[in-house]
Amino acid sequence: MMKKVISTGKAPSAIGPYSQAIQVGNLVYTSGQIPIDPATGAFVEGGIKEQTRRSLLNVKAVLEEAGLTMGDVVKTTVFMADMNDFADMNSVYAEFFSEPYPARSAVAVKTLPKGALVEIEVVAIAAAL
């Protein structure tokens, strides 16, 4: 099966040997998105809520490049620097998804790229590509 690279200027560019997303068949796997504003190349101002929103907007931009929406997401993984931020992350996360909600894992990790508070990756499915 062929792999197709998904790339958009509306999300931060890959800063290493990886792609923003890869499509295989009708599945799209995004790389983890951190809260970098693609217009400035800098982190968004604020705390976990602002960083979660920017990370999810970056995910959304990558999915849109693949012709998908947040409604096509079937699985998310949320990495956080501090599990005490879970409730605030979750309140913003809920703004981006509706029922049936995607499956989700949320884990705390020691550190994230560039000192981010949150990083989010998703798997989405397209019914008819």
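Residues numbered from 1 in each chain as written. Predicted model: local features only at pLDDT ≥ 70, side-chain atom pairs only at ≥ 80, totals over all residues. Heavy atoms only, no water.

Visitor: Explanation requested: the side chain of Arg54 in the structure shown.
Guide: Tracing the chain through its elements places Arg54 in helix 1 (residues 48–65). At 4.3 Å, Asp37 is the nearest oppositely charged side chain to Arg54, a buried residue that forms no salt bridge. Apart from residues no more than four positions distant in its own chain, Arg54 is found in contact with Pro35, Ile36, Asp37, Pro38 and Val44. (Helix = DSSP H or I, 4+ residues; strand = E, 2+ residues; numbered from the N terminus. Buried < 20%, exposed > 50% of the residue type's maximum accessible area, 1.4 Å probe, protein only. Lys, Arg positive; Asp, Glu negative; His and termini not counted. Salt bridge = Lys/Arg side-chain N within 4 Å of Asp/Glu carboxyl O. Contact = heavy atoms within 4.5 Å.)

Visitor: In this structure, what is going on with the environment of Lys10? I would like to understand it.
Guide: Along the chain, the position of Lys10 falls in the loop between strand 1 (3–6) and strand 2 (21–24). The exposed category is assigned to Lys10, whose relative accessible area is 60%. Measuring from C-alpha to C-alpha, the distance between Lys10 and Ser55 comes to 12 Å, with 45 residues separating the pair along the chain. Residues in contact with Lys10, not counting those within four places in the same chain, are Pro38, Asn58 and Ala61.

Visitor: How should the nonpolar core be read in this particular structure?
Guide: One finds Leu56, Leu63, Leu68, Met70, Val78, Phe97 and Ile120 to be the most contacted residues of the largest nonpolar core, which totals 26 residues. For this core, the element with the most residues is helix 1, which contributes 6 residues. If near-sequence neighbours (up to four positions away) are discounted, Ile120 is found in contact with Ser31, Gly32, Gln33, Thr52, Ser55, Leu56, Val59, Thr77 and Val78. (Core = buried A, V, L, I, M, F, W, Y, C linked by side-chain atoms within 4.5 Å.)

Visitor: What exactly am I supposed to notice about unusual backbone geometry here?
Guide: Excluding glycine, residues mostly have negative phi values, and the peptide bonds linking residues are mostly trans. Geometrically, the link from Glu99 to Pro100 is a cis peptide bond, its omega value of -5° lying close to zero. By secondary structure assignment, the location of Pro100 is in the loop between helix 2 (86–96) and strand 7 (103–108). At Lys114, a position not held by glycine, the phi torsion is positive, near 60°. Following the sequence through the fold, Lys114 ends up in the loop between strand 7 and strand 8 (118–125). On the basis of relative accessibility, which here comes to 59%, the residue Lys114 falls in the exposed class.

Read these as layout, nothing more, since geometry by itself doesn't imply function.
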